[in-house]
Amino acid sequence: MDQYEHLESPMILKVSFNELLKTYDDLAHSDDEFLAAKAKRILEIQKPYPELRDGFTDLSLLETYKKQIAVILQDSFSPLLTNNEIKTATVPFQNIFYNASNRFKSIMKNAGDDFVLKIKNMPEDDTYIVTCTVILNLCYGYNLNLKRPFFYEIPDENGILKYYKILYNADFCEIIPTENAKRITQEDYDELLDNFDNIELWKEKFPPNSYIFKGFVISNIFDVTDDQSISNVKSSLISKNKRSDESFIARFQGVFSSLLGIKDIRVGFSIYNKEENTFEPVYGEGMQSFLLENRGSGLCKSVLCGWSYKQLLEEKKFYTISDVDKFYELSKGKAPQIAVLKSQGIKSAILAPIADDNELLGILEIVSNNAKVLNSINANKLIDVMPYIVSAVLRSKKEEENLIEAVIQQECTSIHPSVSWKFKKEAKIFIEEQQKGNQAVFNKISFEDIYPLYGQIDIKGSSEARNWATQQDLSLQLKSVRTVLDAAVKEEAFPIYEQFIFQIDDYLENLNVHFQVDSEQQISEFLKNDINPLFAHLSKFEGLRTHIDSYKETIDAKVGAFYKHRKDYDDTIASINKKMASLLDKKQVEAQKMYPHYFERFKTDGVEHNMYIGEAITKEESFNPIYLYNLRLWQLQVMCEMENAYYQMQPTFSIGLDVASMILVFNQPLSISFRMDEKQFDVDGTYNARYEIVKKRVDKAFIKGTKQRVTQKGKISIIYSQKQDELEYLRYIKFLQSKNYLDTDVEIVELQDLQAVTGLKAIRVSLLYQGVKKDKEFYTYDDLIKEIKG
């Protein structure tokens, strides 16, 4: 019986144990008498049957020499582990198994008599070509990376599908060219790189039965049902791409770099607009389209040549270019997709259609500045990741219409990883109670005896800056309206126009003299209800049309008003918050590695953060006060670094605002619980509520006996009430002074009493800022501002 002849292959497959027996030849001369005796016994058993070394293709001999093979493989297939290990001897990519472990036999028996075991993600059409790539690597020294995880899907006795991962041990085999084998040249290799799907070409280069596989393979099989199930869930629930995340593309390119084993690749996207048959770029931080380059969009048939259009849009297949320069010459520069890649210095590329149920959603573009590193062979490694990309694009598309709700759900109800274990525990109890038919109640999530840390970087004078920006915009808009009305009086001497001019002058005077909270609303209503309809009427006068057009050009389309100074203010606040929050988030990753703790931050007119640390959060009996002291020192140091970073980038902002930093120290442990209505943690108990009161009011507190706020630009303020806290933070300050983070002007002040809170003190000390000129390394706040403005 010879089953091999039914499966066409470039290799004649011979079962042989020669390579393994060579090992026993060496062991027979071992100084270890036990090993030597065992090796000699195995060699004696094999000796009468030379075909076990020479190899055979008649599979009936596997049964004939069953006992001898079992002895030869005894060390590789331990009888002690036969009921535990899923293991069998086999030959490459064939459904032929022998000397299997008891557990493997049991799994196959439970699958049923009519079950045929096949590698799930190895199409039969690809087996021939994959075998050829193995020959290229082992016989010709190429390094084609086509390693993919192989899986079996096998039903158990209950019909439940189980997933098994296959790992091959090919230590005991060799590949030998026959006289029919054709010598593969570099030109042959280059041609094969772009023709993975061309089976006839591969058969031409590697004729059937032109090589001999001699040996056997050990198939080690592992139950990965859990991992695969999780992967399947991920495929449908993968989180959406954060287009505003500056590091997203870098991380994403890193994933593909690891997947393909290639450094310095870049990833781009083009979204497909079905209605207009165009490609459009994905807008976001760092995202680009190499097909479109700098174009806003492009017709598919002008972006792609006819063949690549059919490959990507109609057949939904990968399109690869292993050598851009070569194919540019072959196409004489007329293939637009190759021409645009060449113009960007790209040397090889993979274009992968992102398609769901045969509907094209977009194109994934992977490019490299090195020729041949991306090709039709390693493009197949994308097969396993495309479902995740498809899911992400689908989800992004569906959520586009509900963006506000999605952001609220994602950003406002997220659970910090440090406490997620407790939410999962309570959710599990909740589900179990539901399944039992009981009235399920989600239990209170609380943590006791934990230490709080609070800090903030507040933008000083933000209200005054906002009011000033509003005054300037409203004044400019009113003056522009007055210019039109002055011209209108000359066209139509209506008293109502003069009344509007009088009202505008009154508004302008009030803006300059005493700007009030409701001034902006009053003026906006006046412009909307009176001026806009009037200008619609005045537009019929030829002499006024130029004035009105000039006025309209100054109006921001989104807000419907003059929005220059307020936009500068809003953009500045947003930039400050974004950059400060980003820096804090990056630093937090390091802090979590020191010891896990709860962390949350908020953006207001500045950035504030809460941290809680204690054994109740970590769930392990590992907490020591040293972790609290370490986190306090880390917080103080990071606050210094954040303020330093702010003043380094302050000159880039439209408005030169200042910031002031503050830390609140609370000496006693407290309890917190999660409020389901507000989706956040709050402190428990009357005494602990004192902490929240201080948090909300202390930054506006005055130094006792003065009208000076405790928080001050250029200084960091540490609020506390206990003497031991004072001594602790003075030690930290002395340490940070040695590192040139803080100046020497330490002062300790008492604070005026707050409502229901007395006895608060503050340590204040000036920060040192990194130099902006080479002649001076560190600056005080006043020196730094002089240098920035000077």
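Notes on the structure in this doc start here. (Residues numbered from 1 in each chain as written. Predicted model: local features only at pLDDT ≥ 70, side-chain atom pairs only at ≥ 80, totals over all residues. Heavy atoms only, no water.)

Remarks on the environment of valine 710
- For valine 710, the location among the structural elements is in the loop between helix H26 (686-697) and strand S23 (715-720).
- For the pair formed by valine 710 and aspartate 699, sequence separation is 11 residues and the distance between their alpha carbons is 6.7 Å.
- Valine 710 has contacts with Val698, Asp699, Ala701, Ile703, Ser717, Ile719, Leu751, Ala762 and Arg764, leaving out every residue within four places of it along the chain. (Helix = DSSP H or I, 4+ residues; strand = E, 2+ residues; numbered from the N terminus. Contact = heavy atoms within 4.5 Å.)

Things to note about the packing of aromatic side chains
- Considering all chains together, one arrives at 21 aromatic pairs under this definition.
- Ring geometry for phenylalanine 17 versus phenylalanine 216: centroids 5.2 Å apart, planes at 45 degrees, classification tilted. Of this pair, phenylalanine 17 sits in the loop between strand S1 (11-15) and helix H1 (18-27) while phenylalanine 216 is found in the loop between strand S7 (211-215) and strand S8 (217-223), placing the two residues 199 residues apart along the sequence. Across the pair, exposure class does not vary: phenylalanine 17 and phenylalanine 216 are buried alike. (Phe/Tyr/Trp six-rings, centres within 6.5 Å; stacked < 30°, edge-to-face > 60°. Buried < 20%, exposed > 50% of the residue type's maximum accessible area, 1.4 Å probe, protein only.)

A word on the packing of helix H23 (residues 565-594) against helix H25 (residues 625-649)
- Relative orientation of the contacting elements H23 and H25 amounts to 150 degrees, with a least axis distance of 10 Å. Classed by the angle they form, the pair H23 and H25 counts as roughly antiparallel. Regarding H23 and H25, the two cross each other, and that crossing is right-handed. Here Ile576, Lys579, Met580, Leu583, Leu584, Lys587, Gln588, Ala591 and Met594 of H23 lie close against H25, whose contacting residues are Tyr627, Asn630, Leu631, Trp634, Val638, Glu641, Met642, Ala645, Tyr646 and Met649. (Axes fitted to C-alpha atoms, helices over the stretch in contact; angles between N-to-C directions. Parallel < 35°, antiparallel > 145°, perpendicular 65-115°, else oblique. Left-handed = near helix turned anticlockwise from the far one by under 90°.)

Some details on unusual backbone geometry
- One non-glycine residue, asparagine 209, lies in positive phi territory at about 60 degrees.
- Locating asparagine 209 in the fold gives a position in the loop between helix H9 (199-205) and S7.
- Asparagine 209 gets classed as partly exposed once you look at its relative accessible area, which sits at 40%.
- Positive phi, close to 50 degrees, is recorded for asparagine 277, a residue that is not glycine.
- With respect to the element layout, asparagine 277 can be found in the loop between strand S9 (265-273) and strand S10 (278-281).

A closer look at the pattern of salt bridges
- Counted by the stated rule, this structure contains 30 salt bridges.
- When the shortest N-O distance is used, the salt bridge between aspartate 325 and lysine 342 registers 3.1 Å. Separated by 17 residues along the polypeptide, aspartate 325 in helix H14 (residues 324-330) and lysine 342 in helix H15 (residues 336-343) bring together distant segments of the chain.
- With relative accessibility at 32%, the residue lysine 342 sits in the partly exposed group.
- Because the salt bridges share partners, they merge into one network encompassing Asp188, Glu191, Glu204 and Lys205. (Salt bridge = Lys/Arg side-chain N within 4 Å of Asp/Glu carboxyl O.)

Topic: the pairing of strand S14 (residues 359-368)
- A large share of S14 lies buried, amounting to 9 of its 10 residues.
- Pairing of S9 with S14 involves 7 bridges; the strand directions are antiparallel. Across the sheet, the residue bridging to serine 270 is isoleucine 363, located in S14.
- The antiparallel hairpin formed by strand S13 (residues 348-356) and S14 contains 2 residues in its connecting segment, where aspartate 357 sits at a positive phi of about 50 degrees. (Pairing = 2+ DSSP bridges.)

Notes on the packing of helix H19 (residues 462-491) against H23
- Close contact between H19 and H23 brings their axes to 7 Å; oriented N to C, the two are set at 155 degrees. For the element pair H19 / H23, the angle class is roughly antiparallel. In this structure, H19 uses Ser462, Ala465, Arg466, Trp468, Ala469, Thr470, Gln472, Asp473, Leu474 and Leu476 to contact H23, whose residues at the interface are His565, Arg566, Tyr569 and Asp570.
- A class-by-class count of the residues in the contact of H19 with H23 yields 6 nonpolar, 4 polar and 4 charged. (Nonpolar A, V, L, I, M, F, W, Y, C, P; charged D, E, K, R; others polar.)

Description of the side chain of glutamate 492
- Following the sequence through the fold, glutamate 492 ends up in the loop between H19 and helix H20 (495-513).
- With no salt bridge to any partner, buried glutamate 492 finds its closest opposite charge in lysine 540, at an N-O distance of 5.0 Å.
- A polar contact is formed between the side chain of glutamate 492 and the side chain of histidine 537, at a distance of 3.5 Å.
- With residues near it in sequence (within four places) discarded, glutamate 492 still touches Tyr497, His537, Leu538 and Phe541. (Lys, Arg positive; Asp, Glu negative; His and termini not counted. Polar contact = N/O pair within 3.5 Å; in protein donor to acceptor, adjacent residues only side chain to side chain.)

Considerations on the nonpolar core
- Counting residues in each nonpolar core, the largest one holds 66 residues, and the members touching the most others are Phe17, Leu73, Tyr98, Leu136, Phe206 and Phe216.
- Counting residues per element, this core draws most heavily on helix H7 (residues 124-140), at 7 residues.
- Those residues in contact with leucine 136, other than ones at most four positions away along the chain, are Gly141, Tyr142, Leu144, Ile184, Leu192, Trp202 and Phe206.
- Membership of the second largest hydrophobic core comes to 48 residues, among which are Leu584, Met642, Tyr647 and Ile733. (Core = buried A, V, L, I, M, F, W, Y, C linked by side-chain atoms within 4.5 Å.)

Focus on the sheet that holds S8
- Pairing is antiparallel in the open sheet, where 5 strands are placed in the order S3-S2-S8-S5-S4. Two strands bound the open sheet, and with one partner strand each, they are strand S3 (97-98) and strand S4 (150-155).
- In this sheet, strand S5 (residues 161-169) lies alongside S4 in antiparallel orientation, the contact comprising 6 bridges. Its bridge partner lying in S5, tyrosine 152 is registered against tyrosine 164.
- Its contacts with the sheet put helix H6 (residues 102-111) on strand S2 (86-90), S3, S4, S5 and S8, and the angle it makes with S2 is roughly 95 degrees.

So, helix H2 (residues 33-46)
- For H2, with 14 residues, the first-to-last C-alpha span of 20 Å sits near the 20 Å given by 1.5 Å per residue.
- Regarding H2, the residues found buried are Ala36, Ala39, Ile42, Leu43 and Gln46. For H2, the arc enclosing every buried residue in end-on projection is 130 degrees, short of the 170-degree limit, so these residues lie on one face. Exposed and facing more than 90 degrees away from the buried side of H2 are Glu33, Phe34 and Glu44.
- On its buried side, H2 packs onto H1, helix H3 (51-54) and helix H5 (66-72).
- For H2, the capping residue at the N-terminal end is aspartate 32, with a side-chain oxygen 3.0 Å from the backbone nitrogen of phenylalanine 34. (Expected span 1.5 Å × (residues − 1). Arc of directions from axis to C-beta.)

Concerning the pairing of strand S15 (residues 446-460)
- Pairing of S15 with strand S21 (residues 670-675), which is carried by 3 bridges, proceeds in the antiparallel orientation. Bridge assignment links serine 446 to a residue of S21, and that residue is serine 673.
- In this sheet, strand S20 (residues 658-665) lies alongside S15 in antiparallel orientation, the contact comprising 8 bridges. Residue pairing in the sheet places glycine 455 in a bridge with isoleucine 663 of S20.

What about the sheet that holds strand S6 (residues 173-177)?
- Taken in spatial order, the 3 strands make up an open sheet running S1-S7-S6, and their pairing is mixed. Since the sheet does not close on itself, it has two edges, and those belong to S1 and S6, each with one partner. With direction set aside, neighbouring strand axes in the sheet form an average angle of 20 degrees.
- With 5 bridges joining them, S1 and S7 adopt parallel strand pairing. By the bridge assignment for S7, lysine 14 is matched with lysine 214.

Things to note about the side chain of glutamine 46
- If you trace the backbone, glutamine 46 turns up in helix H2.
- Dropping the residues within four chain positions of it, glutamine 46 is found in contact with Leu21, Leu52, Arg53 and Ile72.

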